[in-house]
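# Results of the structural survey
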Amino acid sequence: MIYVLNGPNLNRLGTREPDVYGSATYQDLVDLCRTVADDLGVRVRILQTNAEHEMIEWLHEAADEGADVVLNAGAWTHYNIALRDACAMLRGKLVEVHISNIHTRETFRHHSVISGVATGVIVGLGFDGYRLALEHIAR
């Protein structure tokens, strides 16, 4: 099982800053991840939340299962130490994904507290970053 976890505001894809995130919707992202997982022969659990405690509980579940995780933590990436600590508990691979290139955006987005405990980081490749993350984990 691979957890694909999405943080705050990602449910607003398609309407949220389309000049940054594009016009594709969150459902389009879910459909892409399911198609890629099917093609790779892996199972995915795709979840999105705007609630920090819920994300941390999902990370705990993944840690307890030894599962791999694809994580787009959204804004939590830049400051949420509790989320980082939950990521550090993971025993499987952790691939941090960002749809936009966080390094070309506002200065406060340039730093990730999660990257230091991630297996790898993919930024700025749009939804294709999720495909690449799933392919890496499935290898």
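Figured I'd write up the structure that's included with this text. (Residues numbered from 1 in each chain as written. Predicted model: local features only at pLDDT ≥ 70, side-chain atom pairs only at ≥ 80, totals over all residues. Heavy atoms only, no water.)

### Observations regarding helix H5 (residues 128–138)
Side chains that are three or four residues apart share a direction in an α-helix, a result of its 3.6 residues per turn. The set of residues buried in H5 consists of Gly129, Tyr130, Ala133, Leu134 and Ile137. What you see down the axis of H5 is that its buried residues fit within an arc of 135°, all on one side. For H5, the elements touching its buried residues are strand E1 (2–6), helix H2 (26–40), strand E2 (44–48), strand E3 (68–72), strand E4 (94–98) and strand E5 (120–123). (Buried < 20%, exposed > 50% of the residue type's maximum accessible area, 1.4 Å probe, protein only. Helix = DSSP H or I, 4+ residues; strand = E, 2+ residues; numbered from the N terminus. Arc of directions from axis to C-beta. Contact = heavy atoms within 4.5 Å.)

### Regarding the pairing of E4
Burial analysis of E4 places 5 of its 5 residues in the buried class, which makes it a mostly covered element. Taking every second residue as pointing to the same face, both faces of E4 are buried, with Leu94, Glu96 and His98 on one and Val95 and Val97 on the other. Direction of pairing for E3 relative to E4: parallel, over a ladder of 3 bridges. If you follow Val70 over to E4, its bridge partner there is Val95. Each parallel crossover has a hand, and the one from E3 via helix H4 (residues 81–88) to E4 is right-handed. (Pairing = 2+ DSSP bridges. Right-handed = clockwise from strand over helix to strand, strands pointing away.)

### Observations concerning helix H3 (residues 52–65)
Look at H3: 20 Å from first C-alpha to last across 14 residues, which is about the 20 Å you get at 1.5 Å a residue. Among the residues of H3, those classed as buried are Met55, Ile56, Trp58, Leu59, Ala62 and Ala63. For H3, the buried positions fall inside an angular range of 160° around the axis, keeping them on one side. Exposed and oriented more than 90 degrees from the buried face of H3 are His53 and Asp64. Elements in contact with the buried residues of H3: E1, E2, E3 and H4. Of the residues flanking the end of H3, it is Gly66, one or two places downstream, whose phi is positive at about 70°. (Expected span 1.5 Å × (residues − 1).)

### As for the pattern of salt bridges
Under the criterion given, the structure shown has 4 salt bridges. Here Asp85 and Arg84 are joined by a salt bridge, their closest N and O atoms 3.5 Å apart. For Asp85, a relative accessible area of 35% corresponds to the partly exposed category. Taking relative accessible area as the criterion, Arg84 reaches 27% and is therefore assigned partly exposed. (Salt bridge = Lys/Arg side-chain N within 4 Å of Asp/Glu carboxyl O.)

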